[in-house]
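A look at the structure
Listed below are the residues making up each chain.
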Amino acid sequence: MDFRNAQELLALCEEHQLPISEIMRQREITVGESTADSVDSQMKRVLEIMKDAAFSPIKSPVKSMGGLIGGEAQKLSEHLASGKGICGDVLEKAITYAMATLETNASMGLIVASPTAGSAGIVPGLLLALQEIYHFSDEETEKVLFNAGAIGYLAMRNATVAGAVGGCQAETGVAAAMAASAATELMGGTPLQCTYAASTVLMNMLGLVCDPVGGLVEYPCQNRNASGVSIALVAAEMALAGITQLIPLDEMITIMYTVGRKLPAELRETALGGCAAAPSACEACHMCE
Amino acid sequence: MSFISVFDVMGPNMIGPSSSHTAGATRIGFLAQKMIHGPLKKVDFTLYGSFSRTYKGHGTDRALLGGIMGFSTDDMRIRNSFEIAEKKGLEFTFTPNEVETDLHPNTVDIHMVNEKGQEMTVRGESLGGGKVRIVRINSVQVDFTGDYSAVIVIHQDKPGVIAYITKCLSDRNVNIAFMRLFRESKGEIAYTIVESDGQLPEDIGDTIRQNINIHEVMIVQM
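Residues numbered from 1 in each chain as written. Chains lettered and ligands numbered in written order. Predicted model: local features only at pLDDT ≥ 70, side-chain atom pairs only at ≥ 80, totals over all residues. Heavy atoms only, no water.

**What to know about the sheet that holds strand 5 (residues 119–128) of chain B**
Paired through backbone hydrogen bonds, the strands of a sheet run either parallel or antiparallel to each other. All names here are of chain B. Filter applied, for reference: Here a strand pair is declared whenever DSSP counts at least two bridges between the two strands. In this text, helices come from DSSP runs of H or I with a minimum length of four residues, and strands from runs of E with a minimum of two, each type numbered from the N-terminal end. The axes are straight lines fitted to the C-alpha atoms, using for helices just the contacting stretch, and the angles between their N-to-C directions are given from 0 to 180°.
With mixed pairing, the six strands of this open sheet are ordered in space as 3-2-4-5-6-7. A strand with exactly one partner marks an edge of an open sheet, and here the two such strands are strand 3 (91–97) and strand 7 (140–144). The sheet shows a mean angle of 20° between the axes of neighbouring strands, taken without regard to direction. Summarising the sheet, strand 4 (residues 106–114) and strand 5 pair through seven bridges and their orientation is antiparallel.

**Details of the pattern of salt bridges**
Residues and elements named next belong to chain A. What counts here: Counted as salt bridges are all cases of a side-chain nitrogen of Lys or Arg within 4 Å of a carboxyl oxygen of Asp or Glu.
Taken as a whole, this structure holds 23 salt bridges over all chains when the rule is applied. Put simply, Asp 2 and Arg 27 hold a salt bridge, and the shortest N to O gap is 2.7 Å. Taken together, the residues Asp 2 in the segment before helix 1 (6–16) and Arg 27 in helix 2 (residues 20–30) connect sequence positions 25 residues apart. For Arg 4, the salt bridge is made with Glu 8, and the minimal N-O distance between the two is 2.7 Å.

**Observations regarding the packing of aromatic side chains**
All names here are of chain B. Rules: Pairing of aromatic side chains here covers Phe, Tyr and the six-membered ring of Trp, requires ring centres within 6.5 Å, and sorts the geometry by plane angle: under 30 degrees stacked, over 60 edge-to-face, intermediate tilted. Exposed residues in this analysis have more than 50% of their type's maximum accessible area, buried residues have under 20%, and partly exposed residues fall in between, with area computed by a 1.4 Å probe over protein chains only.
This structure, assessed with the given rule, holds nine aromatic pairs over all chains. Taking 6.0 Å as the distance between ring centres and 65° as the angle between the ring planes, the aromatic pair formed by Phe 92 and Phe 94 counts as edge-to-face. The exposure class assigned to Phe 94 is buried, which follows from its relative accessible area of 18%. Taken together, the ring pairs in this structure connect Phe 45, Tyr 55, Phe 82, Phe 92 and Phe 94 into an aromatic cluster.

**A word on the environment of A:Val90**
All names here are of chain A. We count it as follows: Throughout, a residue-residue contact means that at least one pair of heavy atoms, one from each residue, lies within 4.5 Å.
The topology assignment puts Val 90 in helix 5 (residues 89–106). In this structure Val 90 comes out as buried when scored by relative accessible area, which is 14%. Each C-alpha atom, one on Val 90 and one on Leu 233, is 8.8 Å from the other, the two residues being 143 residues apart in sequence. For Val 90, the contacting residues outside a window of four places in its chain are Ala 129, Leu 130, Ile 133, Tyr 134 and Leu 233.

**Some thoughts on the side chain of A:Ser21**
Residues and elements named next belong to chain A. Along the chain, Ser 21 turns up in helix 2. Ser 21 sits in the buried class, given a relative accessible area of 1%. Not counting the four nearest positions on each side in its chain, Ser 21 is found in contact with Lys 143, Val 144, Phe 146, Asn 147 and Glu 185.

Structure representation (structure tokens):
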């Protein structure tokens, strides 16, 4: 059971009457020459690591290696607890967990690159928030991580998930597309709706550049994990409402790749342009000295 | 195209902050120490390109040293690898080299000395997403990823040596996925790298070592 693009994936879902997550899980077992027990226990470990990485900095904030971030998750958490939040519970929690995960990452903590370290907060951010608010079990959450994996696989296979090749849209953009699709399935959407959600995200994050201050996975990466999670939530909501998309996911993946390759080198992880070249950022990071 | 697993997307499980500068660095260190008999006494890292400029902020130094001590990419001990190495009595240095720029942007040379005084230098490249490549062993250009179990044989460049190595492998029912020969010059030292699907028999190194033209055999299990 294998597929090369979203069209083939949707055909498999239709033929077998299965959700995207189960098609991806079956692919891992059959094409990946593994067993159901092995892939399920590996995914269990993925969720465990995601939870630790997302929850721990809320209680114990940590300064990053490069010193540019640290403590953001706790601030958001206290803000939500004070009742002054304006985003609503799901999004408030999602941005907290997304920023927390990047805090863990930037302080040499254990994370799951999903699909990359710099975008590691988005998939867990959204899914852990939904799990908490809507009381999903760990098994239900682990299951839709296969859905997220399917979307990430398509981007990896048919485009790129490297900021150095395609900019931030290839990292946080793909991560948000994965999160949107997985959230859509978790909340009862159809496979087609999942791909609409993913397509919407790539459209809305198209052209986003990769410009890390000092070349470090800290700033603006952490902010973009928070904004990525919100774009994912909006896209999932639209798909679940029955809004269809003119441009299907396969085309959006190609478009993202084409746009990414047109970005100048300064805006592809070289820390030579964008936010990385801002005078105040240069003053704060001292990397060039 | 090689198989992309769901855990290549939802993974690797790794100590942050960067798959190329931290996870990849750990992996290169890990593969390098497999090429020489331990325990190691001293290791010197020369960092090139982006590694040389951003290694402190990415923990590349701790990651490389952790890999040299056999840690995997998700091992929490990476954070304390300096202290752990000092306790073990393993000396280490890091030298940024910003002069040589005609290399892959994330390149490291690892010079290792073991307690018997044997030396080896390995050059690794971190390709992104935690993927790496060993491109040089001592002065010989090689190409080896560690994605498969591998037998690395250092031998004299003489007729019959390769046939001998493949015979040893076929006798033990090892299926060869890839096989390549690299040499300094004709008749001198050569490196044969055989990559295989699945695990290799633990004692395959001892079997291959029986031939007088074989100088050293190293096994890297997947």
